[in-house]
Protein chains: 2
Amino acid sequence: MRFLIIGGDAAGMSAASKAKRRAPDLDVVVLEQGMDVSYSACGMPYNIADSETGIDALVVRDADTFIHKNHIDLKLGHCAESIDPGAKIVRGMGPDDRPFTLAYDKLLIATGAGPVMPDIPGFDLQGVFPLKSLDHGRRIKHFIGVKNVQKAVIIGMGYVGLEMCEALRARGIEVAMVKPRPRLLPWMNPELVQAVSLELTKNRVAMHPGHAIDAITSHNGALRIECDTMALDADMVIVASGVRPNSRLARDAGLETGISDSISVDDQLRTSDPDIYSAGDCADAIHVVTGQRCWIPLALRANRAGWAVADNVCGVETRLDGVVGTAVFKLFALEIARTGLSPKEAVAAGFDPVEVVVKNNSKAHAQRGATTIYTAMTGDRNTGRLLGVQMVGEQGVAHRINAPAVALHNRMDVQGFFQTDFAYAPPFGPVWDPLLTAANQLLKKL
Amino acid sequence: MRFLIIGGDAAGMSAASKAKRRAPDLDVVVLEQGMDVSYSACGMPYNIADSETGIDALVVRDADTFIHKNHIDLKLGHCAESIDPGAKIVRGMGPDDRPFTLAYDKLLIATGAGPVMPDIPGFDLQGVFPLKSLDHGRRIKHFIGVKNVQKAVIIGMGYVGLEMCEALRARGIEVAMVKPRPRLLPWMNPELVQAVSLELTKNRVAMHPGHAIDAITSHNGALRIECDTMALDADMVIVASGVRPNSRLARDAGLETGISDSISVDDQLRTSDPDIYSAGDCADAIHVVTGQRCWIPLALRANRAGWAVADNVCGVETRLDGVVGTAVFKLFALEIARTGLSPKEAVAAGFDPVEVVVKNNSKAHAQRGATTIYTAMTGDRNTGRLLGVQMVGEQGVAHRINAPAVALHNRMDVQGFFQTDFAYAPPFGPVWDPLLTAANQLLKKL
């Protein structure tokens, strides 16, 4: 039996490796259009920040290991171009423009997501880079070195844009950020956004939200980002305007796609064709809080879904619960995290959200070195259910967010969450953890 | 109506303050035998480590504030000696040996726990201190200063002993620890204990478990701890041999006591007399995992129970779920945390426990500055239920433990916990959080 996988990134290689562990005799073939597999994509900003370490340090396992040790038939430089679900065949183009045709018994589409490149003049100029593949990272890092980049503009202010902002500042590069929409982190409570803004200001990052970009132009290698009412000069431009699922192949093959054009899958990761699975940043998931389909492309889900596909292909039935949208990122000294729904998302899902914000010390009374933790918590007025949490702070935010994530998976109400037995010691927080204080304040308003 | 409270520490003052907020006209009287109220007892080791800050920095709110701002009739230096539940009267001794008699409508016994002082010669010598009240801390700190303490022996190796060990080392004091039982942290998985031992060795702490203490003797102010097969010299001895509930008053009044001699309460914190409540380190709780009574005296529960008593006294019915035994402490560079049951406790509660230990990096692949996190996870073979987690590591342990604590409150099985959507970013952990990796390994053994 052949298990064919399109895409050699997190979901694809997780599925390939696990399938070979489960069924060593299974014929596992992976088509990867690039030359890199199994690297820590999320680690790229941190690697770019570090001039001494090469980008290949991010490679967790190289192609040779997969091929010779794991016996996966990994085909690099192979771009899948079409799927024929009736004939169970994938066609595409290999290296040196040699077309290929491959039959499958089970197929996994793990084509991931690609950067949104605005359809505006100048986004193809030299010095203008998206950041999604390892090769993008490689090119950015090379460019910073050889061009001695002094000034950069980042288009977009999402996770990747903000992480790149920190990375470039660490390299001593002046950074300005610009995006068309008016608000930084629009899903975040305004008080928390203010704390994030302050951190950016402290680190001398120029923020220009609410500016539509008309064009990027080049004058003797110097780039200019022409906006509606201003212009920004730069040696380099990073385009971090978000990502979209690479779902064209699936759609062209007649498979069902849905939210944000992602590929629709069931809890066993099957698409609308029972022999075709999809996992990773191209596929959707059920949001546990809303019960509705969502598209939240994150690394843990990709890995988890890859494993689940391998299980199901190998006859070990595995169903996934869904996601609650837990995410964290670092921005200079800050840890910024969320899980569940924002009030706006809660309204869209039919809840009647109530939100509170609390400010707490990161350590107990009289402990030295305490900083401030901001916690925004949202509950449903009708049912008392916990809907979401957002946190910003210098210490102890990243791992705190997993407690309410577990609560969301259990459909806890705020009252129940408030009763949970948290750890306390003076160096790590107040007796009443910020999450419990937030729950207590929220209970008063529900 | 008079709400009389015996004990002005965490549970007592939480109850007093909340009762006054709920019912400003309520006559709230607090009897505190000492002269300190509302201080961070858990903060004492950290304060002792710091020669520049006075111990009174630990006082969160002083007596005057409670009396004049919160209108609580706080009687310092008042020692309750007996309760007459029939007449609803408390008798005791006030300052200057003046006896008092006070009637109550509702009574809260919040007498806390006291240090276990072994009945061995020499524990009353000058320079031998327990650490429980702020006054103990005050005396230890004073003694270190005026006696220029160079060498200390700590008897006991529990949380408080270990925290004091770090505190004294921070003051440049040579520390040896001794206890009769053979194992350090007997509830902890041996691999994790090894990591803790290594940290103590690194910090040049001499460990002598398995030595019964025969006597402490004094020779010209120098103390000698005489053990079975050795002797230790010291300028100061800290006795941290555990605590026991101060439940004599309750027992003498005919109230039901039980596990570890703690006062038995129901989920509304009522003792066997419906007009008498108990909360804090003197009272028991239901363990959510076992469903049985337990005595785990910790600060969060004391505060939470104090609030719940105030609610119930004021007619707002409040029931507490129980505890899962979540605790954390710091030991030099390590964070050490637990929640739920150890395998031994699980057996005692009728489970069939299976335990795994995993070692993970605290950061993602290729991130600089990663350290090791040890995670021990226990599940029940019969039901697949998650029973407990223990963690040791330099980064991100303290707040991670709350996620499995929430899972325990929800009676999750290991499979469900493994499916939860955790946060991931390279600076904060691997894609698969140590807790998820542990759950995955545990699933293979269940």
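Residues numbered from 1 in each chain as written. Chains lettered and ligands numbered in written order. Predicted model: local features only at pLDDT ≥ 70, side-chain atom pairs only at ≥ 80, totals over all residues. Heavy atoms only, no water.

A. Looking closely at the overall build of chain A. Secondary structure assignment for chain A yields 12 helices and 25 strands. In summary, chain A has a C-alpha radius of gyration of 23 Å against a globular reference of 22 Å for 446 residues, a match within 12%. Relative to its full complement of 446 residues, chain A shows a buried share of 59%. At a minimum sequence separation of 6, the contacts of chain A that also span at least 24 residues come to 62%. Element-wise, carbon and sulfur atoms account for 48% of the exposed surface of chain A, whose accessible area totals about 17200 Å². Of the charged side chains in chain A, 46 are positive and 50 negative; the average position of the first set lies 4 Å away from that of the second. (Helix = DSSP H or I, 4+ residues; strand = E, 2+ residues; numbered from the N terminus. Rg over C-alpha atoms; globule rule 2.2 N^0.38 Å. Buried < 20%, exposed > 50% of the residue type's maximum accessible area, 1.4 Å probe, protein only. Contact = heavy atoms within 4.5 Å. Areas by Shrake-Rupley, 256 points an atom, 1.4 Å probe, with all protein chains shown as cover. Lys, Arg positive; Asp, Glu negative; His and termini not counted. Charge placed at Lys NZ, Arg CZ, Asp CG, Glu CD.)

B. Quick look at the UniProt feature "domain: FAD/NAD(P)-binding" (unreviewed entry) in chain A. Within this structure's numbering, the places UniProt gives as "domain: FAD/NAD(P)-binding" (unreviewed entry) are residues 2-293 of chain A. Measuring from the first to the last C-alpha atom of residues 2-293 of chain A gives 30 Å, for a span that is 24% helix and 30% strand. (UniProt positions renumbered as here; feature names shortened; annotations may be inferred.)

C. The packing of aromatic side chains, seen in detail. Residue and element names in this part refer to chain A. Throughout the structure, instances matching the rule amount to 12 aromatic pairs over all chains. Cluster of aromatic residues (ring-pair linked, three or more members): Y159, W187 and F329. Above the face of the W187 ring, R338 is positioned so that its terminal group lies 4.6 Å from the ring centre. (Phe/Tyr/Trp six-rings, centres within 6.5 Å; stacked < 30°, edge-to-face > 60°. Lys NZ or Arg CZ within 6 Å of the ring centre and 35° of its normal.)

D. Molecular detail of a positive patch on the surface. Together, A:R21, A:R61, A:K69 and B:K444 give the surface a local cluster of positive charge. Tracing the chain through its elements places B:K444 in helix 12 (residues 434-445). Since its relative accessible area comes to 60%, B:K444 is described here as exposed. (Patch = residues over 30% accessible without salt bridge, like charges linked within 9 Å, V, L, I, M, F, W, Y side chains within 5 Å. Salt bridge = Lys/Arg side-chain N within 4 Å of Asp/Glu carboxyl O.)

E. Here's a closer look at the pattern of salt bridges. In total, this model carries 46 salt bridges over all chains according to the counting rule given. Here A:E317 and A:R319 are joined by a salt bridge, their closest N and O atoms 2.9 Å apart. Given a relative accessible area of 55%, A:E317 falls into the exposed group. B:R381 is the salt-bridge partner of B:D352, the closest N and O atoms lying 3.3 Å from each other. Taken together, the residues span a long stretch of sequence, with B:D352 in the loop between helix 9 (343-348) and strand 23 (353-361) and B:R381 in the loop between strand 24 (372-380) and strand 25 (386-393) at a distance of 29 residues.

F. Structural detail: the domain arrangement of chain A. Residues and elements named next belong to chain A. The domain architecture assigned to chain A consists of domain 1 (2-38 + 60-114 + 244-313), domain 2 (117-239) and domain 3 (327-445). Relative placement of domain 2 and domain 3: their C-alpha centres are 31 Å apart. Contacts between domain 2 and domain 3 engage 19 residues on the former and 18 residues on the latter. Of the roughly 1700 Å² buried where domain 2 meets domain 3, counting both sides, 70% is carbon and sulfur surface. When the buried area of domain 2 at its contact with domain 3 is split by residue, E166, W187 and L192 rank highest and sum to 36% of it. Linking domain 2 to domain 3 there are one salt bridge. A salt bridge links E166 to K330; its shortest N-O distance comes to 2.5 Å. Counting every contact that joins domain 2 to domain 3 gives six residue pairs in polar contact (both at pLDDT 80 or more). Of all the secondary-structure elements, those providing two or more residues to the side of domain 2 that touches domain 3 are helix 5 (159-170) and helix 6 (190-202). Among the elements that make up the side of domain 2 that touches domain 3, the one with the highest residue count is helix 6 (seven residues). Across the side of domain 2 that touches domain 3, the residue classes break down as 11 nonpolar, two polar and six charged. (Domains from an automatic or database assignment. Buried area = accessible area lost by both parts, 1.4 Å probe. Polar contact = N/O pair within 3.5 Å; in protein donor to acceptor, adjacent residues only side chain to side chain. Nonpolar A, V, L, I, M, F, W, Y, C, P; charged D, E, K, R; others polar.)

G. Expanded view of the UniProt feature "domain: Pyridine nucleotide-disulphide oxidoreductase dimerisation" (unreviewed entry) in chain A. Mapped onto this structure's residue numbering, the UniProt feature "domain: Pyridine nucleotide-disulphide oxidoreductase dimerisation" (unreviewed entry) falls at residues 329-429 of chain A. For the annotated span residues 329-429 of chain A, helix accounts for 19% and strand for 36% of the residues, and the straight-line distance between the end C-alpha atoms is 21 Å.

H. Representation of the relation of the copies chain A and chain B within the structure. With an RMSD of 0.0 Å, chain A superimposes on chain B once it is rotated by 180° and translated 0.0 Å along the axis. The relationship between the two copies is best expressed as a two-fold rotation axis. By C-alpha distance to the rotation axis, the residue of chain A lying nearest is A:A403, at 1.9 Å. Of the interface residues in chain A, 100% have counterparts in chain B that sit at the interface too, so the contact is made through matching surfaces. (Least-squares fit on C-alpha atoms with pLDDT ≥ 70 in both.)

I. View of the interface of chain A and chain B. Counting residues at the interface gives 63 residues for chain A, matched by 63 residues for chain B. When chain A packs against chain B, the two sides together hide about 5500 Å² of surface, and 62% of this comes from carbon and sulfur. Between the two partners, chain A and chain B, sit two salt bridges. For the pair chain A and chain B, the interface holds 32 residue pairs in polar contact (both at pLDDT 80 or more). Elements represented by at least two residues in the side of chain A that touches chain B include exactly helix 8 (299-313), strand 21 (327-331), helix 10 (402-409), helix 11 (414-418) and helix 12 (434-445) of chain A. Per-class residue counts for the side of chain A that touches chain B are 35 nonpolar, 17 polar and 11 charged.

J. Molecular detail of the state of the cysteines. All names here are of chain B. Overall, the coordinates contain zero disulfides over all chains when judged by the stated rule. Here C79 is not disulfide-linked; the sulfur of C282 is the nearest cysteine sulfur, at 14 Å. For C79, a relative accessible area of 27% gives the class partly exposed. The thiol sulfur of C227 is not disulfide-bonded, and the nearest other cysteine sulfur, from C165, lies at 16 Å. Of the residues examined, C227 reaches a relative accessible area of 6% and is grouped as buried. (Disulfide = S-S within 2.5 Å.)

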